[in-house]
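What follows is each chain in one-letter form.
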Amino acid sequence: MSLALQTFSSVKDANAALQAAGTRYLGGGTLVVRAANEGDVAVFNLIRVSDPALSQIAVSGGKVRLGASVTMAAIARHPELAALAPAARAVGGPAIRNMATVGGNLFAPAPYGDFAVALLALDATVVTQAGEVPIETFLADRDTSRAILTAVDIALPKAESFRFLKVSRVKPKGVSVLSIAALLELASDGTVTSARIALGCMADRPMRALAAEKALLGCKLTPQEIAPALTAASEGIAPITDPIASAWYRAEVLPVHLGRLLLD
Amino acid sequence: MAKVPVQFTLNGSEKAEFVESGTTLLNALRDKIGDTSPKGGCHQGTCGACSVIIDGELRLSCLTLAETCGGADVRTTAGLAEGGVLHPLQRAFLDAFATQCGFCTPGMIMAAKVLLDRTPNPSREDVVEALSGNICRCTGYEPIIQAVLLAARANSQNAA
């Protein structure tokens, strides 16, 4: 195992270098250096960009742009991003959060990538050298994507309309059994008028619970009314099996945890 | 493989080394510079035994490439004692029997140091959270949590 690291000052130059075979982008190192340490010989050339713009958080008029190199710790402590803090704090321990980046999280395979689950529920727009794409398109194509991710745009949710839950066996911090993020708009009588729900560990990458979203519309958040949505949440899932939990277990507990999130 | 120059401050003293490109900070510290206080446990970012403080922030040296640390201020447990006198955290780990095999201890102490530097009087929950990225397979964690709380009390008494 030997790695070679090249540092570029601009994303454009780095993007050109990234096209060479065996080349990966180095963000915080928690994915690619880990892979190299594990003996992944497919990783030998690393590229990184030193442009400080990639580490910036810009909040204006309810819109947030998170630079791709922004760390989980930077989000968790940002005074205007309190709604995102629970999802950012769900990632790793303190050292990992000082290293792990927004961009990296979008590439993290299940059971990792809890923050990307939150971004999916928030309908983020992913900004790359090749242009801007909706997060769902980005996630679907991420294995073949060769364009450097520079930022993620979201509309900042109201704290009360955004919910996030990570379930792990080790307390306070452990790898996900599953994670769920939900962006819910309620009418004044408590009826759900819009719902966007994202699931982690229910596939090899974050996915939406489209059937559950549909089933929630017009419901009040009571155990009786959400029951059809909990059943529908299992539609289309293909949970991962790993040392944390089997696919069977993850599928069994999904409705329970989604119910807790919705009724909380 | 091309060697690259790396220069940073380790526990207050300037270090300059040539390392192979892609060398982790952990390997540079242990094999090149001779500071064996950070331990290589999992090399996967899971165990926290390699934790060091870079520019005031807790990092995992096994996942950090040495050449990205140019000009950085790197702190390890080896630099804590001053003039033969143990740091309050080291003293507390001994007094509270928070060390058994000792492999996790340098990482635990680095994680605890970042906590106490920012939060001199932490709650038990703060301590548990601060140590949540560090694994210990001996103690069951309770003596470690107590040691950090003990060090915090010792610090506040000294300050008073």
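Residues numbered from 1 in each chain as written. Chains lettered and ligands numbered in written order. Predicted model: local features only at pLDDT ≥ 70, side-chain atom pairs only at ≥ 80, totals over all residues.

Caption draft 1: Region of the structure containing the packing of helix α2 (residues 88–95) of chain B against helix α3 (residues 105–118) of chain B. Residues and elements named next belong to chain B. The interhelical angle for the contact between α2 and α3, taken along N-to-C directions, is 125 degrees, at an axis separation of 10 Å. Classed by the angle they form, the pair α2 and α3 counts as oblique. By crossing handedness, the relation of α2 to α3 is classed as right-handed. Where α2 approaches α3, its residues L89, Q90 and F93 are matched on the opposing element by T105, I109, A112 and K113. A per-class count over the contact of α2 with α3 returns four nonpolar, two polar and one charged. (Axes fitted to C-alpha atoms, helices over the stretch in contact; angles between N-to-C directions. Helix = DSSP H or I, 4+ residues; strand = E, 2+ residues; numbered from the N terminus. Parallel < 35°, antiparallel > 145°, perpendicular 65-115°, else oblique. Left-handed = near helix turned anticlockwise from the far one by under 90°. Contact = placed C-beta atoms within 7 Å. Nonpolar A, V, L, I, M, F, W, Y, C, P; charged D, E, K, R; others polar.)

Caption draft 2: Seen up close, the interface of chain B and chain A. Counting residues at the interface gives 26 residues for chain B, matched by 20 residues for chain A. Those elements giving two or more residues to the side of chain B that touches chain A turn out to be β4 (57–60) and α4 (124–130) of chain B. Here the side of chain B that touches chain A takes four residues from β4(B), the largest share from any one element. Looking at the side of chain B that touches chain A residue by residue, the classes come out as nine nonpolar, twelve polar and five charged.

Caption draft 3: Seen up close, the domain arrangement of chain B. Residues and elements named next belong to chain B. Each assigned domain of chain B is listed here: domain 1 (3–79) and domain 2 (88–159). The C-alpha-based centres of domain 1 and domain 2 are spaced at 22 Å. On the domain 2 side, the residues contacting the 13 residues of domain 1 number twelve residues. Tallying contributions element by element places strand β3 (residues 51–54) first for the side of domain 1 that touches domain 2, with three residues. Taken together, the residues of the side of domain 1 that touches domain 2 sort by class into seven nonpolar, five polar and one charged. (Domains from an automatic or database assignment.)

Caption draft 4: Examining the sheet that holds strand β9 (residues 162–168) of chain A more closely. Residues and elements named next belong to chain A. Spatially, four strands are ordered β9-β10-β11-β12 in an open sheet, and the strand pairing comes out antiparallel. Two strands bound the open sheet, and with one partner strand each, they are β9 and β12 (207–208). Taken together, the seven bridges between β9 and strand β10 (residues 176–186) define a ladder with antiparallel strand orientation. Note that in β10 the partner of S168 across the bridge is S176. Sheet contacts for helix α7 (residues 114–121): β9, β10, β11 (192–200) and β12; angle to β10, the most-contacted strand, approximately 20 degrees. Contacts from helix α11 (residues 247–263) reach β9 and β10 within the one sheet, and its direction differs from that of β10 by about 35 degrees. (Pairing = 2+ DSSP bridges.)

Caption draft 5: Representation of the nonpolar core. Membership of the largest hydrophobic core comes to 139 residues, with the highest contact counts inside it found for A:A118, A:L119, A:A121, A:A181 and B:A112. With eight residues, α3(B) is the largest single contributor of residues to this core. Discounting residues that sit within four places of it in the chain, A:L119 has contacts with A:A124, A:I135, A:V152 and A:I154. (Core = buried A, V, L, I, M, F, W, Y, C linked by C-beta atoms within 7 Å. Buried ≥ 20, exposed ≤ 12 C-beta atoms within 10 Å, placed from the backbone.)

Caption draft 6: The arrangement of α2(B) in detail. All of the buried residues along α2(B) are B:L89, B:Q90, B:A92 and B:F93. Looking straight down α2(B), one finds that the buried residues subtend no more than 165 degrees of arc, so they occupy a single side. (Arc of directions from axis to C-beta.)

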